[in-house]
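# Remarks on the overall topology
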Amino acid sequence: MAKRRDITRDELLDEAEHLLRNHGYNGFSIRDVGEAVGISSASVHHHYPTKGDLAAAVLHRYRERWNAKLGAIAMEHEDWRGRVAAVVAAFAGMVVGKGSACLLAIACVDHASLSNAAQAETKLLHENLTGWLARFTVEAKKREEIAASHDAGTMAESLLSTLQGALLLSRVAGDSAFAKVTTMLADGSMHRVPGE
């Protein structure tokens, strides 16, 4: 009989993230996660007592990855277009060509089914992403890269909503749909005031 190897929390989170992205919260079970990594459901429950705990951990890790990515983008790009293009590329790199979806979009779709902890992580993820995008917008307004009349919070929500919608639609319409929409985001034409 082969010796069972130890499974790390990251392996469990990786598999749960894969299932969550591709099947939604209601489309997988703790058993599915266990089978994918070669352990029993009881062993998964040892690390994460409930599916809600597991989903919350996946969303927490995703939020931390996004915070690190957005911090790096802020350091690497000073201009508005560079930052928006980098955010678009970051989203595209996670899902385009993989037939999966952003965890925030999935968590929003399945919000009513999530545990309280997973709902809280979803809210924090949304707040973090829009917070970063709003800060990018405020800085761009100060540098007069975009119109002063643009409200930073509204632009942040608009950017994130557009990205999420394009990512979801690309699962049906193909990756070219995402590329067409995000080209308008990256070149700034989607948020340009007529006559600018």
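This is a predicted model, so every value here is computed, not measured.

## Section: helix 8 (residues 152-173)
Here helix 8 contains 22 residues, and its C-alpha end-to-end distance of 30 Å stays within 8% of the 32 Å for a straight helix at 1.5 Å per residue. Residues of helix 8 that are buried include every one of Ala 152, Met 155, Ala 156, Leu 159, Leu 160, Thr 162, Leu 163, Gln 164, Ala 166, Leu 167 and Ser 170, and no others. The distance from a side-chain oxygen at the start of helix 8 to the backbone nitrogen of Gly 153 is 3.3 Å, and the residue carrying that oxygen is Asp 151. Looking one or two residues past helix 8, Gly 174 carries a phi angle of roughly 95 degrees, positive in sign.

## Digging into the nonpolar core
Counting 59 residues, the largest nonpolar core has Phe 91 and Phe 136 as the members making the most contacts within it. Among the elements of the structure, helix 1 (9-23), helix 2 (30-37), helix 4 (51-76), helix 5 (80-95), helix 6 (103-109), helix 7 (116-142), helix 8 and helix 9 (175-186) are those that each provide at least two residues to this core. Ranked by residue count, the leading element in this core is helix 4, at eleven residues. Beyond its immediate sequence surroundings of up to four residues, Phe 91 is in contact with Trp 66, Cys 102, Leu 160, Leu 163, Gln 164, Leu 167 and Phe 178.

## Overview of the packing of aromatic side chains
Throughout the structure, instances matching the rule amount to three aromatic pairs. Ring geometry for Trp 66 against Phe 91: centres 4.5 Å apart, planes inclined by 40 degrees, an arrangement best described as tilted. Placement of the pair is Trp 66 in helix 4 and Phe 91 in helix 5, with a sequence separation of 25 residues. Its end group placed over the ring of Tyr 48, Arg 9 keeps NZ or CZ at 5.3 Å from the ring centre. In this arrangement the basic side chain of Lys 51 is found over the ring face of Phe 28, its NZ or CZ atom lying 4.7 Å from the centre.

## Focus on the environment of Tyr 48
Note that Tyr 48 resides in the loop between helix 3 (41-47) and helix 4. Here Tyr 48 falls in the buried class, since its relative accessible area comes to 7%. The sequence separation of Tyr 48 and Arg 9 amounts to 39 residues, and the corresponding C-alpha distance is 9.2 Å. With sequence-adjacent residues up to four places away left out, Tyr 48 is seen in contact with Arg 9, Leu 12, Leu 13, Asp 53, Leu 54 and Ala 57.

## Points about the pattern of salt bridges
Counting across every chain of the model gives eight salt bridges. Linking Arg 65 and Glu 17 is a salt bridge whose minimum nitrogen-to-oxygen distance equals 2.8 Å. One end of the pair, Arg 65, is in helix 4; the other, Glu 17, is in helix 1, and 48 residues separate them in sequence. With a relative accessible area of 35%, Arg 65 lands in the partly exposed category. Between Arg 83 and Glu 139 there is a salt bridge, with its nearest N and O atoms 2.4 Å apart. Of this pair, Arg 83 sits in helix 5 while Glu 139 sits in helix 7, and the two are 56 residues apart along the sequence. It is possible to trace a salt-bridge network through shared partners that takes in Asp 10, Asp 14, Glu 17, Arg 21, Arg 61 and Arg 65.

## A look at the packing of helix 4 against helix 7
The relative placement of two packed helices is expressed as an angle between their axes plus a distance between the axes. Contact geometry for helix 4 and helix 7: axes closest at 8 Å, N-to-C directions at 10 degrees. The orientation of helix 4 relative to helix 7 falls into the category roughly parallel. Residue classes in the contact of helix 4 with helix 7 are distributed as 15 nonpolar, six polar and two charged.

The rules we used
Residues numbered from 1 in each chain as written. Predicted model: local features only at pLDDT ≥ 70, side-chain atom pairs only at ≥ 80, totals over all residues. Heavy atoms only, no water. Helix = DSSP H or I, 4+ residues; strand = E, 2+ residues; numbered from the N terminus. Expected span 1.5 Å × (residues − 1). Buried < 20%, exposed > 50% of the residue type's maximum accessible area, 1.4 Å probe, protein only. Polar contact = N/O pair within 3.5 Å; in protein donor to acceptor, adjacent residues only side chain to side chain. Core = buried A, V, L, I, M, F, W, Y, C linked by side-chain atoms within 4.5 Å. Contact = heavy atoms within 4.5 Å. Phe/Tyr/Trp six-rings, centres within 6.5 Å; stacked < 30°, edge-to-face > 60°. Lys NZ or Arg CZ within 6 Å of the ring centre and 35° of its normal. Salt bridge = Lys/Arg side-chain N within 4 Å of Asp/Glu carboxyl O. Axes fitted to C-alpha atoms, helices over the stretch in contact; angles between N-to-C directions. Parallel < 35°, antiparallel > 145°, perpendicular 65-115°, else oblique. Nonpolar A, V, L, I, M, F, W, Y, C, P; charged D, E, K, R; others polar.

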